[in-house]
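One letter stands for each residue in the lines below.
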Amino acid sequence: MPIRQMKETSETHLVIKPHLQPLKQHKSVQNGKVQPPATTETVVTPAGECTQTVKSQSPSPPNKNRSRRRNRGGRKSDQGDVCMRPSSRPRKPLPTQTTSSGAGVTVSGGEIVAVNHQMQMGVGSLSKNSNFAPRPGFGTLGTKCIVKANHFLADLPNKDLIQYDVTITPEVSSKSVNRAIIAELVRLYKESDLGTRLPAYDGRKSLYTAGELPFTWKEFTVKIVDEDDGIINGPKRERSYKVAIKFVARANMHHLGEFLAGKRADHPQEALQILDIVLRELSVKRFCPVGRSFFSPDIRTPQRLGEGLESWCGFYQSIRPTQMGLSLNIDMASAAFIEPLPVIEFVAQLLGKDVLSKPLSDSDRVKIKKGLRGVKVEVTHRANVRRKYRVAGLTTQPTRELMFPVDENCTMKSVIEYFQEMYGFTIQHTHLPCLQVGNQKKASYLPMEACKIVEGQRYTKRLNEKQITALLKVTCQRPRDRENDILKTVQHNAYDQDPYAKEFGVNISEKLASVEARILPAPWLKYHENGKEKDCLPQVGQWNMMNKKMINGMTVSRWACVNFSRSVQENVARAFCNELGQMCEVSGMEFNPEPVIPIYSARPDQVEKALKHVYHTAMNKTKGKELELLLVILPDNNGSLYGDLKRICETELGLISQCCLTKHVFKISKQYLANVSLKINVKMGGRNTVLLDAISCRIPLVSDIPTIIFGADVTHPENGEDSSPSIAAVVASQDWPEVTKYAGLVCAQAHRQELIQDLYKTWQDPVRGTVSGGMIRDLLISFRKATGQKPLRIIFYRDGVSEGQFYQVLLYELDAIRKACASLEPNYQPPVTFIVVQKRHHTRLFANNHRDKSSTDRSGNILPGTVVDTKICHPTEFDFYLCSHAGIQGTSRPAHYHVLWDENNFTADGIQSLTNNLCYTYARCTRSVSIVPPAYYAHLAAFRARFYMEPEIMQDNGSPGKKSTKITTVGESGVKPLPALKENVKRVMFYC
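Residues numbered from 1 in each chain as written. Predicted model: local features only at pLDDT ≥ 70, side-chain atom pairs only at ≥ 80, totals over all residues. Heavy atoms only, no water.

Participant: What is the right way to look at the packing of helix α16 (residues 775-787) against helix α17 (residues 806-824) in this model?
Facilitator: What describes two packed helices is the angle between their axes and the distance between those same axes. Interaxial distance between α16 and α17 falls to 8 Å at its minimum, and their mutual angle equals 50 degrees. Judged on the interaxial angle alone, α17 and α16 are oblique. For the pair α16 and α17, the sense of crossing is right-handed. Every residue of α17 that contacts α16 at I776, R777, L780 and I781 is listed here: I817, A820, C821, S823 and L824. When grouped by side-chain class, the residues that make up the contact of α16 with α17 number seven nonpolar, one polar and one charged. (Axes fitted to C-alpha atoms, helices over the stretch in contact; angles between N-to-C directions. Helix = DSSP H or I, 4+ residues; strand = E, 2+ residues; numbered from the N terminus. Parallel < 35°, antiparallel > 145°, perpendicular 65-115°, else oblique. Left-handed = near helix turned anticlockwise from the far one by under 90°. Contact = heavy atoms within 4.5 Å. Nonpolar A, V, L, I, M, F, W, Y, C, P; charged D, E, K, R; others polar.)

Participant: How should I be thinking about the sheet that holds strand β21 (residues 433-437) in this particular structure?
Facilitator: One open sheet holds the five strands; their spatial order is β22-β21-β18-β17-β23, and the pairing between them is antiparallel. At either margin of the open sheet sits one strand with a lone partner, and together these are β22 (444-447) and β23 (451-453). Strand after strand, the sheet turns through a mean of 50 degrees between neighbouring axes, direction not considered. Here strand β17 (residues 376-379) runs beside strand β18 (residues 388-398); their pairing, made up of three bridges, is antiparallel. Within the sheet, the bridge partner assigned to V377 lies in β18 and is Y389. Strand contacts of helix α4 (residues 343-351): β17, β21 and β23, with the helix running at about 60 degrees to β23, the strand carrying the most contacts. (Pairing = 2+ DSSP bridges.)

Participant: Would you mind showing me how to read the sheet that holds strand β26 (residues 535-536) here?
Facilitator: Consider a sheet: its strands pair through backbone hydrogen bonds, and that pairing is either parallel or antiparallel. The three strands are arranged β26-β25-β33 in an open sheet whose pairing can be described as antiparallel. The two strands at the open ends of the sheet, each matched to only one other strand, are β26 and β33 (690-691). Relative to β26, strand β25 (residues 525-526) runs antiparallel, the two sharing two bridges. Looking across to β26, one finds that L525 is bridged to C536.

Participant: Help me understand the nonpolar core in this model?
Facilitator: Soluble globular proteins: nonpolar side chains tend toward being buried together. Within the largest apolar cluster, 90 residues are counted, with the highest numbers of intra-cluster contacts made by Y797, Y897, Y937 and Y991. In terms of residue count, helix α19 (residues 933-949) provides more of this core than any other element does, nine residues in total. Setting aside chain neighbours within four positions, we find Y937 in contact with V731, Y742, T921, Y922, A923, M989, Y991 and C992. Judged by nonpolar contacts, the second largest core, of 56 residues, contains V222, V243, I330 and L512. (Core = buried A, V, L, I, M, F, W, Y, C linked by side-chain atoms within 4.5 Å. Buried < 20%, exposed > 50% of the residue type's maximum accessible area, 1.4 Å probe, protein only.)

Participant: What is the right way to read the pairing of strand β36 (residues 742-749) from this model?
Facilitator: Within a regular strand, the side chains alternate between the two sheet faces. Across the eight residues that make up β36, a large majority, eight, are buried. Burial along β36 is two-sided: Y742, G744, V746 and A748 facing one way and A743, L745, C747 and Q749 facing the other are all buried. For strand β35 (residues 726-733) and β36, the ladder comprises eight bridges, and the chain directions are antiparallel. For A729, the partnering residue across the bridge sits in β36 and is V746.

Participant: Please clarify how the pattern of salt bridges should be interpreted in this entry.
Facilitator: All told, the structure shown has 46 salt bridges when counted by the stated rule. Of the charged contacts in the structure, one is a salt bridge between R250 and E212, with a shortest N-O distance of 2.3 Å. Taken together, the residues span a long stretch of sequence, with R250 in strand β11 (residues 238-251) and E212 in the loop between β9 (206-210) and β10 (217-225) at a distance of 38 residues. Owing to a relative accessible area of 43%, E212 belongs among the partly exposed residues under this scheme. Salt bridges linked by common partners bring E608, K612, D644, R647 and E652 together as one network. (Salt bridge = Lys/Arg side-chain N within 4 Å of Asp/Glu carboxyl O.)

Participant: Even after reading the chapter, I still don't get a positive patch on the surface, so can you show me in this structure?
Facilitator: On the surface, a cluster of positive charge is contributed by K369, K370, R373 and K461. With respect to the element layout, R373 can be found in the loop between α5 (362-372) and β17. Residue R373 is classed as partly exposed on the basis of its relative accessible area of 45%. (Patch = residues over 30% accessible without salt bridge, like charges linked within 9 Å, V, L, I, M, F, W, Y side chains within 5 Å. Areas by Shrake-Rupley, 256 points an atom, 1.4 Å probe, with all protein chains shown as cover. Lys, Arg positive; Asp, Glu negative; His and termini not counted. Charge placed at Lys NZ, Arg CZ, Asp CG, Glu CD.)

Here it is as structure tokens:
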């Protein structure tokens with residue numbers, strides 16, 4: 001770990017070593033004296049270049065009011081030198097870590113000294129986040145306005161909240177059974193042993209009351225009916241349980257009150273969790289709970305999604321700490337459920353054919369088995385019994401051939417005979433297989449026609465394209481309709497009548513929160529001087545390329561085209577390529593009208609052979625010069641072809657490719673060609689546009705000194721895939737002061753591991769000894785090579801992190817960034833600002849008056865640039881909501897930005913304006929986008945890399961499908977590394 005210098009103090013660093021190894025050695029660190037930092041004056045020359053005059057400056061303590069430091073800098077590095085020179089700026093120590101169990105973690109010399117044994121990388125539950133960046137003040141830029149948010153003010157209860165531990169014997173795994181047991185206990189003992197208290201229960205181990213129970217420990221006996229017994233009339237089977245209730249702790253409501261008032265920074269998670277459970281209690285009884293959401297077929301009529309699925313509507317609910325106090329966040333939700341059909345009807349829908357008359361193929365059986373495995377069914381062949389079973393599988397034989405032993409002498413009887421004799425039930429469709437229920441040792445057979453799917457089972461596997469489209473139609477609501485539905489939900493839930501809310505003294509407002517917002521101005525964009533329009537001010541988040549030329553249009557001299565579509569004739573393909581080339585020329589590129597070789601047509605199943613043929617033929621024609629661009633025409637439904645092509649081009653041949661679907665080749669649209677030309681230019685290494693403020697060196701804390709902006713994301717495999725690796729991607733700007741070009745790197749890592757493992761790594765080389773590497777280090781070096789400058793400031797946008805993972809991700813990844821910097825040279829530690837970007841949240845912002853057209857875009861959504869950092873934001877931490885894009889369909893979702901660490905001392909206006917302005921630099925379209933481009937690019941790169949890992953298992957929409965190949969494990973990480981990107985691919989925005 002590098003030693004960072006601080007004045008008259010020693011510094012501690014927290015290091016979580018990878019691969020779950022325990023930390024044993026403890027070393028001390030001695031810090032040296034601080035050196036005077038150098039500052040620069042930024043001068044803009046007539047040509048628009050930034051030059052810097054270096055001045056010496058005496059050391060001074062960090063600025064406590066976090067005002068903007070515009071003039072911190074360093075010398076320009078020599079062009080060819082990739083060594084990173086020292087930075088003498090004082091460092092903040094990494095945050096001290098505390099586990100949720102209260103075991104402290106102390107740090108000495110870069111090693112963890114005292115660690116809770118459960119705290120392993122990616123496992124430890126860290127709840128104390130008091131070291132996150134505090135809010136430096138509120139933003140003031142932009143036009144002020146009022147918006148409404150789907151947050152409802154909740155009063156803080158003035159009662160003591162008490163936690164009790166619950167032990168149920170025999171142990172039960174089902175939450176619903178646990179709840180039934182506790183509900184019966186409350187019914188029996190509320191007025192007596194419970195002292196009239198109405199407790200809230202989490203379904204597992206914890207019970208909560210408003211005020212103490214009359215005991216600290218007590219055991220109860222409760223009998224409940226077996227829910228799967230299914231007897232409609234007559235006596236039902238009862239089961240007896242012992243329930244022990246034991247006092248655990250009293251929640252500190254005073255602590256919560258101080259936290260909400262901004263007087264304390266540490267998060268009182270326990271009190272919030274209790275209130276969340278209290279407000280969920282009634283809904284859990286009324287609806288089908290899924291995570292933090294509740295669904296019911298009664299809220300809105302379910303819509304069929306196809307293949308035996310239907311959509312259920314519901315609502316999301318969560319209690320949140322905000323500046324206005326406790327807030328209940330309510331949003332509308334939809335999810336796919338298995339339609340409660342007779343099993344034969346479900347199978348017919350699943351296969352899309354009549355199953356009563358036609359025999360099933362082997363592939364049909366596989367699909368049925370996958371579709372029904374784990375699904376709960378109830379029998380219908382017994383008049384007064386509806387017993388429930390979970391499907392384990394499907395018989396390989398049809399019903400008419402199934403025999404089973406009926407006694408110890410192995411007397412065999414057919415399933416048909418058994419059902420006729422035992423239940424008087426004649427099986428009609430004997431050609432169909434039976435459902436297998438129970439375990440493998442004692443399997444039971446149920447005819448399909450005697451079973452019906454139990455209502456309320458959520459479908460958790462991957463939806464196909466048609467189902468996704470159908471679900472989106474249900475969920476896509478205009479802002480006004482969504483707002484009305486949210487208000488109706490709050491009224492229907494009637495929190496004022498909720499006995500649990502009353503018991504605990506929680507009152508919920510029925511009005512949406514009115515919030516002060518500001519609309520940030522759109523930035524001016526710079527285009528080439530040769531165009532009619534040299535700069536542009538976007539209107540409502542949009543603009544176009546009419547009369548404009550790319551600011552850095554590239555030249556395509558050597559290109560070829562491969563056509564994998566049978567329906568596209570060579571003359572059609574040629575005409576399309578001509579039109580695309582002309583559009584590139586009009587947009588400011590130079591595009592050779594003639595391909596190196598004639599358009600080559602090939603079959604989709606010959607993709608590798610075709611690509612290598614074109615590559616080598618073109619190389620021979622150009623006497624060893626490589627192709628600069630490969631245009632590819634794909635069938636509209638191309639299965640794994642797209643992924644195979646990208647893998648071969650980017651990891652084997654080093655080819656930059658641009659794919660076009662057949663439907664676009666036949667219907668040549670100017671808008672489509674213009675968008676494709678934007679993509680081609682950045683893949684060639686060009687820039688489409690830049691911020692006028694960037695080239696004028698007017699962006700605070702970016703333009704003053706060389707600044708690198710990172711974006712990072714981790715994408716995880718689909719639900720149900722238990723071995724597929726996760727893919728991490730990191731991109732970084734490669735130009736300064738423009739900050740428009742981003743190079744990207746990708747890596748595979750352990751299944752569902754959120755911490756990015758390869759940000760920094762070391763390994764032993766037999767010749768060179770310990771070698772340093774990793775994505776951060778490589779991107780810092782490439783920035784140095786591309787700009788001739790070393791980065792003196794780092795801004796790191798991290799996508800895809802949930803609130804519960806903030807602390808772990810910050811600790812691990814900030815430490816990796818510092819190690820990567822220090823590995824380039826001693827004491828090289830540029831200040832870091834670490835920002836988490838969240839899209840998967842449920843805060844929605846609505847116009848205050850939907851009739852006022854000046855306050856909305858064409859879709860009825862709030863205007864792009866709307867930012868909120870008050871009232872519904874965190875009481876003390878540095879976060880804000882930003883809707884940077886114009887809505888197209890449905891209700892816009894603002895991005896939530898949370899500044900976890902800030903050594904650059906950004907003001908609220910500074911980081912909000914920078915983030916909003918960057919959203920106008922996205923390369924693939926002429927619109928501002930919903931999340932900051934480096935985070936967007938990292939997501940695209942991570943998605944692309946999944947093709948490298950599993951090329952032959954894609955769905956027919958060209959997106960990664962379910963895994964069927966086995967991942968071989970290599971090295972300590974336990975996953976097979978991705979094939980390396982070719983060097984020429986790494987340097988450009990290949991993922992666009």
